[in-house]
Amino acid sequence: MRLVVARCQVDYAGRLTAHLPMAPRVLMIKADGSVLVHSDGGSYKPLNWMSPPCALREGTTEDGQVEWTVTGKTDDTLRILIEEVLHESSHDLGVDPGLQKDGVEKHLQELLAEHPATLAAGLTLVRREFPTAIGPVDLMCRDAEGLSVAVEIKRRGEIDGVEQLTRYLELLNRDPLLTGKGSVRGIFAAQAIKPQARVLAEDRGITCAVVDYDALRGMDDDAEHRLF
């Protein structure tokens, strides 16, 4: 990961246009190819960003200022004009082990791995903790038509979880072994899903599934106590 703290101006052109006037900001270039522009506010959300795959070209303007041009997969562009670099560093973070689940969330993942059809009819498990370069997908499944389905599981479904699944899907859909029959789709599963998270998920083509933890535990108990 490359981190640059700089006074910069940022202009985005694509489905819409956006302008950030000259000010100190953090520029983050991640190993997955994404480029993010952060300020000292706004919590975790960047002011502007470009999702991978994208291309970063560094150059200079006619008057000698440093200029970055980031081109996205749909030819949208992020133009970053740098007036002054205050700090720059690079760090090799290696492969992230992924978010560690708490007890209930971990058990929920185990139960859904045993009963994937409770999320969608015909869904079967391929693998738990399916590895990617940015962390493991909770469940990788296959639907009744043979298409790959990535499942992200949370106790409480919030926007962060939708963003996490979106990043996984962007990466998985570049794998020809998974997309041979069609695009990898996503299911966002949780005991409760906030309205804002549901709207964002559905806007991105992600299916939301509200999970009844007690009912799943009951299914598991029945399996443990039956004779045949």
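Worth saying up front: this structure is predicted, and the values here are computed from it rather than measured.

Brief notes about unusual backbone geometry
- Residue Pro 53 is bonded to the preceding Pro 52 through a cis peptide linkage, with omega at -5°.
- Considering the arrangement of structural elements, one finds Pro 53 in the loop between strand E4 (48-50) and strand E5 (55-60).
- With phi around 70°, Asp 75 is a residue other than glycine that occupies positive phi space.
- Relative to the helices and strands, Asp 75 is located in the loop between strand E6 (66-71) and strand E7 (77-90).

Here's the deal with the sheet that holds strand E12 (residues 207-210)
- Taken in spatial order, the five strands of this open sheet run E8-E9-E10-E11-E12, and their pairing is mixed. One side of each edge strand has no neighbouring strand; the edge strands of this open sheet are strand E8 (124-130) and E12. Averaged over all pairs of adjacent strands, the angle between their axes in this sheet comes to 30°, without regard to strand direction.
- Judged from the five bridges that link them, E8 and strand E9 (residues 137-142) form a sheet pairing that is antiparallel. Following the sheet pairing, Arg 127 is matched in E9 by Met 140.
- Across the face of the sheet, helix H2 (residues 159-172) comes into contact with E8, E9, strand E10 (148-157) and strand E11 (185-193) while running at roughly 165° to E10.

Concerning the state of the cysteines
- Counted under the stated rule, the structure contains zero disulfides.
- Not part of a disulfide, Cys 141 finds its nearest cysteine sulfur in Cys 208, a span of 16 Å.

Side note on the nonpolar core
- Grouped together as the largest cluster of nonpolar side chains are 19 residues, with contacts concentrated most on Ala 150, Val 162, Leu 172 and Ile 206.
- Those elements that provide at least two residues to this core are E9, H2, E11 and helix H3 (195-203).
- At five residues, H2 tops the list of elements feeding residues into this core.
- Excluding residues that lie within four positions of it along the chain, Val 162 makes contacts with Phe 188, Ala 197, Leu 200, Ala 201, Arg 204 and Ile 206.
- By size, the runner-up hydrophobic cluster in this structure holds 18 residues, among which are Leu 111, Leu 123, Ala 189 and Leu 216.

Structural notes on H2
- Between its terminal C-alpha atoms H2 stretches 20 Å, which fits the 20 Å expected from 14 residues at 1.5 Å a residue.
- Gly 161, Val 162, Gln 164, Leu 165, Thr 166, Tyr 168, Leu 169 and Leu 172 are the residues of H2 that are buried.
- Packed against the buried residues of H2 are E8, E9, E10, E11 and H3.

Rules behind the numbers
- Residues numbered from 1 in each chain as written.
- Predicted model: local features only at pLDDT ≥ 70, side-chain atom pairs only at ≥ 80, totals over all residues.
- Heavy atoms only, no water.
- Helix = DSSP H or I, 4+ residues; strand = E, 2+ residues; numbered from the N terminus.
- Pairing = 2+ DSSP bridges.
- Axes fitted to C-alpha atoms, helices over the stretch in contact; angles between N-to-C directions.
- Contact = heavy atoms within 4.5 Å.
- Disulfide = S-S within 2.5 Å.
- Core = buried A, V, L, I, M, F, W, Y, C linked by side-chain atoms within 4.5 Å.
- Buried < 20%, exposed > 50% of the residue type's maximum accessible area, 1.4 Å probe, protein only.
- Expected span 1.5 Å × (residues − 1).

Fair warning: the whole summary comes from geometry, so function is off the table for now.
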